[in-house]
Amino acid sequence: MVASASRRAVSRRSTRVLATTGLLAAGILLLLVSVGAAITLGPAEILLVNVRDIVTNHLGLTDIPVRVAKDAIVWQERLPRALVAAACGAGLGLCGVIMQSLLRNPLADPFILGISSGASTGAVAIGILGLGGAALGLSGGAFIGALLAFGLVLLLARLSGGGNDRVVLAGVASTQLFSALTSLIVFAFADSDETRGVMFWLLGSLEGVRWDDVQLCAIVVALGSLVCLRYAHALDAFAFGDEVAASLGVNVRATRTVLLLATALITATLVSVAGAIGFVGLVLPHAARLVVGSRHHRLIPATAIIGALFMVWVDAGSRVVFSPTPLPVGVGTALVGVPVFMALLGRRRRRS
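Parameters at a glance
Per chain, residues are indexed from 1 in the order of the written sequence. Thresholds applied to this predicted model are a pLDDT of at least 70 for local features of residues and 80 or more for the giving and counting of side-chain atom pairs; totals over whole chains, interfaces and linings are not thresholded and use all residues. Working from all heavy atoms in the structure, the side-chain values ignore hydrogens and water. Fitted lines through C-alpha atoms give the axes, limited to the stretch in contact for helices. The angle between two N-to-C directions lies from 0 to 180 degrees. Numbering goes from the N terminus for both helices and strands, where a helix is a DSSP run of H or I of at least four residues and a strand is a run of E of at least two. Each angle is binned into one of four classes, with values under 35 degrees roughly parallel, values over 145 roughly antiparallel, values of 65 to 115 roughly perpendicular, and all other values oblique. Each helix crossing is assigned a hand: it is left-handed if the near helix lies turned anticlockwise from the far helix by less than a right angle, otherwise right-handed if that turn is clockwise. Note on definitions: a residue-residue contact is assigned when non-hydrogen atoms from the two residues lie within 4.5 Å. For this classification, the nonpolar set comprises Ala, Val, Leu, Ile, Met, Phe, Trp, Tyr, Cys and Pro, the charged set comprises Asp, Glu, Lys and Arg, and every other residue, Gly included, is treated as polar. Accessibility here uses a 1.4 Å probe with only protein chains present; expressed as a share of the type maximum, an area under 20% marks a residue as buried, one over 50% as exposed, and anything in between as partly exposed. Cysteine sulfur atoms are paired as a disulfide whenever they come within 2.5 Å of each other. Excluding any residue in a salt bridge, patches collect residues exceeding 30% relative accessible area, merging like charges within 9 Å and nonpolar Val, Leu, Ile, Met, Phe, Trp and Tyr side chains within 5 Å. The method behind every accessible area is Shrake-Rupley, applied with a 1.4 Å probe, and residues are considered shielded solely by the protein chains displayed. A pairing counts as a salt bridge when a side-chain nitrogen of Lys or Arg comes within 4 Å of a carboxyl oxygen of Asp or Glu. Residues belong to a common nonpolar core when they are buried Ala, Val, Leu, Ile, Met, Phe, Trp, Tyr or Cys residues joined through side-chain atoms within 4.5 Å.

Novice: Is there a simple way to think about the packing of helix 4 (residues 115-129) against helix 7 (residues 192-202) in this case?
Specialist: The relative placement of two packed helices comes down to the angle between their axes together with the axis-to-axis distance. The interhelical angle for the contact between helix 4 and helix 7, taken along N-to-C directions, is 160 degrees, at an axis separation of 12 Å. Judged by the inter-axis angle, helix 4 sits roughly antiparallel to helix 7. Crossing hand, helix 4 versus helix 7: right-handed. Residues S120, A123, V124 and I128 of helix 4 form the contact with helix 7, whose participating residues are V198, W201 and L202. Of the residues assigned to the contact of helix 4 with helix 7, the class counts are six nonpolar, one polar and no charged.

So this is what it looks like as structure tokens:
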């Protein structure tokens, strides 16, 4: 009887693994199709077969004649942009999962906790003031700004008595402070052209991204995903509180430090490339939970895929609907994210 129950448990576990694997495979396939379809959208007529031919040509798999103009549009402009959009959606979604799990707060994300604002301030200080620009670059400045912002959040939360709710309130204060510092730098030291470019970038922009940006974002998001998956069971334990996690053998302080540093690195890198993009890390983890549940070994990859899909299509819509002047992608995520978040809140209320 015990053996029969054990076999049934193994069978159920195998079924769940197969179902999860199939769902993730379907999500990856849908993402690839979405990237290809998004590339075809725009003023220049590009067919999906053209995208296939151009990509396989550059990968050395085929040698199909393609117009030079179409090749440049796809390979130099639209494909890097779509891939960076996918990386931003996946990375910000992962950051939202980590923050909401560690803080046990459904409203936590890098934007609300000031990390995006701090990264923006660091990048703007490098770009406009030139503080250590040769040694750091925009990514380095954004990373330092993100660490400073989150360090300030933790300090304010501790001074106010600790608690996850105090962390969120401290994040709101940090967001306002670093947003004000960014505005001050732009107002006091940037000329009109720099101001226009910086403000467009701060709203979230994928204009002008190149293959080195794709490489940077892909490496950072991939490493961040591996770190998150490595600590998936620890994140499950954090859902019951620090004391329960510690009793289950989790090194609470070390785990929290590693995951928060990973969050800061991912956020800083994506902000340095695409600017501050809100609502992705806030909304998409909730949407993923509705699909795959709260177990992090499923939630982490599902959120990454849903985030990538979301950003690819928001960017494509922002680029096409408002052509010839593309809408900043951060504005598009807010326009889509706010109604989705309201719908999720309504669903949670009906279920409770």
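Novice: Is there a simple way to think about the environment of G22 in this case?
Specialist: Relative to the assigned elements, G22 resides in helix 1 (residues 2-40). Judged by relative accessible area, G22 falls into the partly exposed class, the value being 39%. A sequence separation of 139 residues divides G22 from G161, and the C-alpha atoms of the two residues are 46 Å apart.

Novice: Quick question: what am I supposed to make of the state of the cysteines here?
Specialist: Here, the word disulfide means a covalent bond between the sulfur atoms of two cysteines. Scanning the entire structure with this criterion turns up zero disulfides. A disulfide-free cysteine, C88 has its sulfur positioned 5.1 Å from the sulfur of C217, the nearest such atom. In this structure C95 is not part of a disulfide, and its nearest cysteine sulfur, from C228, lies 7.4 Å away. Given the relative accessible area of 0%, C95 is considered buried.

Novice: Mind showing me how you'd approach a nonpolar patch on the surface here?
Specialist: A surface patch of nonpolar side chains, about 440 Å² in accessible area, is lined by L41, W313, V320, V321 and F322. Residue position: L41 is located in the loop between helix 1 and helix 2 (48-58). In this structure L41 comes out as partly exposed when scored by relative accessible area, which is 31%.

Novice: Honestly, the nonpolar core in this entry has me stumped. Any pointers?
Specialist: Most often, soluble globular proteins have nonpolar side chains that are buried together. Residues V84, L113, V124 and M311 are the most contacted members of the largest nonpolar core, which totals 90 residues. A per-element tally of this core places helix 3 (residues 68-103) first, with 18 residues.

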